[in-house]
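# A structural walkthrough
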Amino acid sequence: MLHKNETIAAISTPLGEGGIGIVRLSGDKALKIADKLFKGRNGTPPSKLSTYTIHYGHIIRNKEILDEVILSIMRKPKSYTREDVVEINCHGGILPLRRTLEAVLECGARLAEPGEFTKRAFLNGRLDLTQAEAVINIVEAKTELALKSAMSQLKGAFSDKVKELKEETLELLTLIEAELDFPEEKIDATKKGKFISKIKRIASETERLIKQSREGEILRDGVLVLLIGKANVGKSTLLNRIVGKERAIVTDIPGTTRDLIEEWINVSGIPVKLVDTAGFKKIENIIDKEARKKVEEYLADADLVLFMVDGTSGLTAEDKLIADMIKDKKTLCLINKVDLLEKISKNKLRSLIGKKKILEISALKGKGIDAIKKFIRDSVLEGEVLTGESTIMVNARSRESLKDAHNGLLNSLEAVNKGLSEEFIAVDLKETLNSFKKILGETVEEDILDRIFEKFCIGK
Ligand SMILES: Nc1nc2c(ncn2[C@@H]2O[C@H](COP(=O)(O)OP(=O)(O)OP(=O)(O)O)[C@@H](O)[C@H]2O)c(=O)[nH]1
Ligand SMILES: [Mg+2]
């Protein structure tokens, strides 16, 4: 629960050694607290200084100088939280930051909860909920494209659209409710046509948002691509090739990789988590067994599988086992080591993997790498182009609400078509209206808010 009159404080920069670190305060007492601790060069207390100014000085507590600092003052309402905000730029070590924070807390601030600064920005009306969530997406963005999309969400691209749809739904609802005042009248054909075309328009816009949010999810969370195959086929060699460094140990001994090795790569702006796995071989001990279990776990979550076979030998029971396991997965089959003499039977491979696409590569020589990336890109986007601007990054919460809104529209359309009375149409449209409101955070329960802001780091 938020106590509006409390002043909160936290270290807003990552812990560790750095050039500078920032202790941030927000709330009614921020300036008064700064007065107690900050001694500037000309002695003016922070509460007498004007907004958007910075000042050199020292943090002094019980006559001891804790740090040499730069103080920034941002008075309400023109600050991140719309409250009085003071930022103390300390030297970036854990100790000066911690001591300054402790002094601030001793002088009357409370330690901020994760995301509480942003939560205040939301509660004070500076950001709506989708914009507040964009802040997390910006912090966590893994590629430039993801960042671009999150920035456009922060600027309000998504919420503007939702607001527009909300207004249109409201207008329609008002129109229908006006009709409700005259229950004896049946809806005439022209009115019916008008309702239908309006509902259809809102529905198709909503559908477009749902689609864009699916792309946003890809940009935000990335995709999991699992590299799988029997031992010694060259999986780790391929991982190293793609990430461009010796990330995994490569030897000619089967069973070199035991643990899963994960690396983020950027494929045309799509964040891809590429995971190298322990090669399948006869299970001989507990390590083999555990390794196999892990691969199976990851397989369940994988968006895409790269199934590698060795082009220089025949297919084995392990290949067959893997082929069975990945039957239902989106897969690219890689015949590796094509720089050597080919011994694999492609017919047998085809009968093992059915219609899945096959690509001949040499991980060692770097042949086929671009084609692998292209496959990843194409299968993730399914023909769509990601621009970052038109994709929207919403969380599961908003996407569910978008779907609810869409369902409400479809149901109301059905009601109109069936010639049901206005009341029925209105009920469904109210569902839609509420769903739009939920997305914007206009009707949102405290526990949902808490869950959203919990995901932030402290100090954000
Ligand atoms: N000629 C040739 N050799 C390769 C190629 N790719 C991998 N190798 C060799 O195959 C051997 C096994 O490579 P790894 O990358 O360790 O194979 P792996 O699939 O990760 O093996 P495990 O970790 O045991 O499952 C090494 O000696 C590599 O140099 C290739 O494209 N051509
Ligand atoms: Mg390996």
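Residues numbered from 1 in each chain as written. Chains lettered and ligands numbered in written order. Predicted model: local features only at pLDDT ≥ 70, side-chain atom pairs only at ≥ 80, totals over all residues. Heavy atoms only, no water.

### A short note on the overall build of the protein chain
A count of helical and extended segments in the protein chain gives 15 helices and 13 strands. Over its C-alpha trace the protein chain gives a radius of gyration of 29 Å, far above what one expects of a compact globule, namely 23 Å for 460 residues. Projected onto its principal axes, the C-alpha positions of the protein chain cover 80 × 80 × 35 Å. Split into buried and exposed, the 460 residues of the protein chain put 50% on the buried side. Sequence-distant contacts in the protein chain: of pairs separated by 6 or more residues, those separated by 24 or more amount to 70%. Total accessible area computed for the protein chain in this model is approximately 22600 Å², and 53% of it derives from carbon and sulfur atoms. (Helix = DSSP H or I, 4+ residues; strand = E, 2+ residues; numbered from the N terminus. Rg over C-alpha atoms; globule rule 2.2 N^0.38 Å. Buried < 20%, exposed > 50% of the residue type's maximum accessible area, 1.4 Å probe, protein only. Contact = heavy atoms within 4.5 Å. Areas by Shrake-Rupley, 256 points an atom, 1.4 Å probe, with all protein chains shown as cover.)

### Structural notes on the sheet that holds strand 9 (residues 261–267)
With respect to topology, 6 strands assemble into an open sheet ordered 9-10-8-11-12-13, the strand pairing being mixed. Across the chains shown, the open sheet's two edge strands, defined by having one partner strand only, are strand 9 and strand 13 (357–360). Adjacent strand axes in the sheet meet at a mean angle of 25 degrees, parallel and antiparallel pairs treated alike. The sheet contact formed by strand 8 (residues 223–229) and strand 10 (residues 270–276) spans 5 bridges and is parallel. Each bridged residue has a counterpart across the sheet, and for Val223 the counterpart in strand 10 is Val272. Across the sheet, helix 9 (residues 286–301) lies against strand 8, strand 9, strand 10 and strand 11 (304–310), angled at about 140 degrees from strand 8, the strand it touches most. (Pairing = 2+ DSSP bridges. Axes fitted to C-alpha atoms, helices over the stretch in contact; angles between N-to-C directions.)

### Remarks on the state of the cysteines
Scanning the entire structure with this criterion turns up 0 disulfides. Between Cys90, a free cysteine, and Cys107, which holds the nearest cysteine sulfur, the sulfur-to-sulfur gap is 14 Å. On the accessibility criterion, Cys90 (1% relative accessible area) is buried. (Disulfide = S-S within 2.5 Å.)

### Some words on the coordination of the magnesium ion (ligand 2)
Coordination of the magnesium ion (ligand 2) by the protein comes from Ser236 (OG) and Thr257 (OG1), over a distance range of 2.0 Å. Of this pair, Ser236 sits in helix 8 (residues 235–243) while Thr257 is found in the loop between helix 8 and strand 9, placing the two residues 21 residues apart along the sequence. We classify Ser236 as buried; its relative accessible area is 8%. (Donors = N, O, S within 2.8 Å, 3.2 Å for Na, K, Ca; no water.)

### What about a negative patch on the surface?
A grouping of Glu296, Glu297, Asp301 and Asp303 is seen on the molecular surface, where their side chains present a negatively charged patch. Tracing the backbone through its elements, the reader meets Glu296 in helix 9. On the basis of relative accessible area, Glu296 is assigned to the partly exposed category, the value being 40%. (Patch = residues over 30% accessible without salt bridge, like charges linked within 9 Å, V, L, I, M, F, W, Y side chains within 5 Å. Salt bridge = Lys/Arg side-chain N within 4 Å of Asp/Glu carboxyl O. Lys, Arg positive; Asp, Glu negative; His and termini not counted. Charge placed at Lys NZ, Arg CZ, Asp CG, Glu CD.)

### Comments concerning the site of ligand 1
Every one of the 23 residues lining ligand 1 counts as a neighbour, but Lys235, Thr237, Gly255, Thr257 and Asp339 are closest to it. One of the side-chain nitrogen or oxygen atoms of Ser236 is found 2.8 Å away from an oxygen atom of ligand 1. Gly279 has a polar backbone atom sitting 3.0 Å from an oxygen atom of ligand 1. Contact with the protein chains covers 90% of the free accessible surface of ligand 1, which is 650 Å². Tallying contributions element by element places helix 8 first for the shell around ligand 1, with 3 residues. Looking at side-chain class alone, the shell around ligand 1 contains 8 nonpolar, 11 polar and 4 charged residues. (Near = heavy atom within 4 Å. Polar contact = N/O pair within 3.5 Å; in protein donor to acceptor, adjacent residues only side chain to side chain. Nonpolar A, V, L, I, M, F, W, Y, C, P; charged D, E, K, R; others polar.)

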